[in-house]
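Residue-level structural notes
Each chain, letter by letter, is given below.
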Amino acid sequence: MSFYSVIERYSDFDIEEYFSGVTENMVLSSMRKENLSSKDFLNLLSPAALPHLEEMARKANKLTVQHFGRTISLYAPLYISNYCTNHCTYCGFSVVNKIKRAQLTLEEIDREAAEMAKTGLKHILLLTGEAKGITEISYLADAIKVLKKYFSSVALEVFPMDEEEYRILKEAGADSLTIYQEVYDRDIYREVHLKGGKADYRYRLDTPERGAKAGLRAVNVGALFGLGELASEAFYSGLHAKYLMDKYLETEVSISLPRINPAEGGFQAKYTLGDRRFVQFILAYRLFLPKVGINLSTRETEEFRDNLLKLGITKFSAGSKTTVGGYNDKNQSTEQFDTSDKRSVEEIVAMIRSQGYQVVYKDWEAIW
Ligand code: SF4
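What this report covers is the structure whose coordinates are included nearby. Here the structure is a predicted model, which means the values were calculated and not measured.

What follows concerns the layout of surface pockets. Estimated volume of the largest pocket: approximately 400 Å³. Taken together, 23 residues line the largest pocket, and the ones lying closest to its centre are Gly-319, Ser-320, Lys-321, Tyr-327 and Ser-344. The greatest single-element share of the lining of the largest pocket, amounting to three residues, is contributed by helix α15 (residues 345-354). Its residues assigned to classes, the lining of the largest pocket shows eight nonpolar, eight polar and seven charged. Lining the second largest pocket are 16 residues, with Tyr-10, Ser-11, Asp-185, Ser-232 and Tyr-236 sitting closest to its centre. When residues of the lining of the second largest pocket are traced back to their parent elements, those giving at least two are α9 (186-192) and α12 (230-247). Tallied by class, the residues present in the lining of the second largest pocket amount to nine nonpolar, two polar and five charged.

Okay, structure coming up:
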């Protein structure tokens, strides 16, 4: 059994029809339960829950403090290559976009890492496009070994791999995996992934599971909000996280809610996730999955991130650059998407502390 069988079970499910039957009492009853079912989760994602965000927020805050304390972990992305052979219609790195492309040498990766390490960050997210012929597994393994000189945690946000390939990268020092399904709706998935390995829905859907089987410590899943119907995408990404948490007890599972930002290629999102609905989704995730990590990236604005800090978030990206070589101001390439929160790590740390929260630079280290 894989998560695909869960998706299949819902193939005739009509979320709008379900929502039309959700009452205020159903929302209140779901919100006040200790253990929520997937139906309770749906009730909290429904429009009927919108008038009850304050009560949801109070409970979300309490659950988050119970399980994570008043802490926010920090991380930042490091792009080492933007070569990509795929055509994903929403992405600036897509093969059809005539952009400046680059791949860092190991010496350049060392320089980027040294620059990032000056900020005090200990957790980083290693990113590439999907061009296996250029960004080979051996190159990634060598890059990870360089990064491990500076950082205690190196998470992968690269192309999906086989279990054995994850084992090789784990051996090199990688410990976590971020892999977004982007869109759980299979028809839309087909429409927006026009060329390349990413067009294989099932292989991508099973990727977090292969990472967990390979022994990676943590996996992070999510949908790219804007591609598919909003509540439906929130529902399936929550179910995906729950599936992984229930099956892989030793794996730390987290969830992200990236919203589409402007990128090279001028993609127009079909759906717009407004701030209020975004907050509702975070609260619903927290009530449904009290122990799931929730990440909030610099795609969101300063003010919005500051306001969300106490509502269930556990990880913030900080000082992010989405260009290859960006931390040395080399800008060797075009950025993948626009970031909104452009504050430095120092400024974000000050904001987190001003809200009475502790900043966690490092919450894990491999002892060999
Ligand atoms: S989303 Fe990933 S695979 Fe698709 S074009 Fe962008 S970098 Fe390539």
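Once that is clear, we can look at the site of the ligand. Looking at the ligand, the residues that line it are Cys-84, Asn-86, Cys-88, Cys-91, Phe-93, Ser-94, Gly-129, Glu-130 and Lys-198. Classifying every residue of the shell around the ligand gives four nonpolar, three polar and two charged.

What follows deals with the packing of aromatic side chains. Scanning all chains against the criterion turns up 18 aromatic pairs. The rings of Tyr-10, Phe-13, Tyr-18, Phe-41, Phe-235, Tyr-236, Tyr-285 and Phe-288 are connected pair by pair, giving a single aromatic cluster. In this structure, Arg-259 packs its charged tip against the face of Phe-278, placed 4.3 Å from the ring centre. Here the guanidinium or amino end of Arg-305 rests over the ring plane of Phe-316, the centre of that ring lying 4.4 Å away.

Moving on, we get to the packing of α12 against helix α13 (residues 275-288). It is at 11 Å that the axes of α12 and α13 come closest, and there the two elements cross at 25°. As the angle between them shows, α12 and α13 are arranged roughly parallel. Crossing of α12 over α13 shows right-handed handedness. In contact with Leu-230, Ala-231, Ala-234, Ser-237, Gly-238, Leu-239 and Lys-242 of α12, α13 contributes Arg-277, Phe-281, Tyr-285 and Phe-288.

Side-chain direction in a regular strand flips from residue to residue, so the side chains alternate between the two faces of the sheet. A two-sided burial pattern is seen for strand β9 (residues 293-296), the buried positions comprising Gly-293 and Asn-295 on one face and Ile-294 and Leu-296 on the other. Of the strand pairs in this sheet, β9 and strand β10 (residues 315-317) are connected by two bridges, and their pairing is parallel. Within β10, the residue paired with Asn-295 across the bridge is Lys-315. As a crossover connection, the stretch from β9 through helix α14 (residues 302-308) into β10 is right-handed.

Turning to the packing of helix α7 (residues 137-147) against helix α8 (residues 163-172), a few remarks are in order. As a packed pair, α7 and α8 sit with axes 8 Å apart at the nearest point and diverge in direction by 25°. Of the possible angle classes, the one that applies to α7 and α8 is roughly parallel. In this structure, α7 crosses over α8, and the sense of that crossing is right-handed. Of the residues in α8, those in contact with Ile-137, Leu-140, Ala-141, Ile-144 and Lys-145 of α7 are Glu-165, Ile-168, Leu-169 and Ala-172.

What follows deals with the pattern of salt bridges. Scanning the model with the defined rule gives 22 salt bridges in all. In this structure, Asp-206 engages Arg-202 in a salt bridge whose closest nitrogen and oxygen atoms are separated by 3.1 Å. We classify Asp-206 as buried; its relative accessible area is 14%. Note that Asp-275 and Arg-259 form a salt bridge whose closest N and O atoms lie 3.0 Å from each other. Within this pair, whereas Asp-275 is found in helix α13, its partner Arg-259 is found in the loop between β8 (252-256) and α13, the two being separated by 16 residues in sequence. Exposure remark for Asp-275: the relative accessible area of 43% places this residue in the partly exposed category.

Moving on to α15. Within α15, the full set of buried residues consists of Val-345, Ile-348, Val-349, Met-351 and Ile-352. All buried residues of α15 project into a common sector of 160° when viewed along the axis, lining one side. Of the residues in α15, the exposed ones pointing more than 90 degrees away from the buried face are Glu-346, Arg-353 and Ser-354. Where α15 is buried, its residues meet β1 (71-79), α14, β10 and β11 (358-360).

This brings us to the side chain of Glu-300. By secondary structure assignment, the location of Glu-300 is in the loop between β9 and α14. Classification of Glu-300 as buried rests on a relative accessible area of 5%. Not counting the four nearest positions on each side in its chain, Glu-300 is found in contact with Leu-257, Arg-259, Phe-278, Arg-305, Ser-340 and Asp-341.

Cut-off values and rules
The residue numbers shown here count from 1 along each chain, following its written sequence. Local features in this predicted model are restricted to residues of pLDDT 70 or higher, and side-chain atom pairs are both shown and tallied only at a pLDDT of 80 or more, whereas totals for entire chains, interfaces and linings draw on every residue. With hydrogens and water set aside, each side-chain value is computed from the structure's full complement of heavy atoms. Site definitions follow a grid-based scheme: protein atoms alone, a 1 Å grid, a 1.4 Å probe that fits but cannot get out for cavities, and for pockets an open set with protein on both sides within 12 Å along at least five of seven lines, plus lining residues having an atom within 4 Å of a point. Grid points are joined across faces, edges and corners, and a volume is the space filled by probe spheres set on the points. Helix and strand labels come from DSSP, where a helix needs a run of H or I of at least four residues and a strand needs a run of E of at least two; each type is numbered from the N terminus. The residue classification treats Ala, Val, Leu, Ile, Met, Phe, Trp, Tyr, Cys and Pro as nonpolar and Asp, Glu, Lys and Arg as charged. All others, Gly included, are polar. Note on definitions. A residue lies near a molecule or strand when any single heavy atom of the residue is within 4 Å of it. Pairing of aromatic rings covers Phe, Tyr and the six-membered ring of Trp, with a centre-to-centre limit of 6.5 Å; geometry is then stacked below 30 degrees between planes, edge-to-face above 60, and tilted otherwise. Both a distance and an angle decide whether a charge sits over a ring: NZ of Lys or CZ of Arg must be within 6 Å of the ring centre and within 35 degrees of the ring normal. Whenever a helix is involved, its axis is fitted only over the stretch in contact; in every case the axis is a line through C-alpha atoms, and angles between N-to-C directions fall within 0 to 180 degrees. The scheme is simple: roughly parallel for angles under 35 degrees, roughly antiparallel for over 145, roughly perpendicular for 65 to 115, oblique for anything else. Left-handed describes a crossing whose near helix is turned anticlockwise from the far helix through less than a right angle; right-handed describes the clockwise counterpart. Residues are treated as being in contact if the distance between any of their heavy atoms lies within 4.5 Å. The buried label applies to any residue whose accessible area, calculated with a 1.4 Å probe on protein chains only, is under 20% of its type's maximum; exposed applies above 50%, and partly exposed to all values in between. Two strands are said to pair when DSSP picks up at least two bridges between them. By definition, the crossover connecting two strands over a helix is right-handed if that path, from the first strand to the second, turns clockwise as seen with the strands pointing away from the viewer. Salt bridge, as used here, is a side-chain nitrogen of Lys or Arg placed within 4 Å of a carboxyl oxygen of Asp or Glu. Our arc is simply the arc of the directions from the helix axis toward the C-beta atoms.

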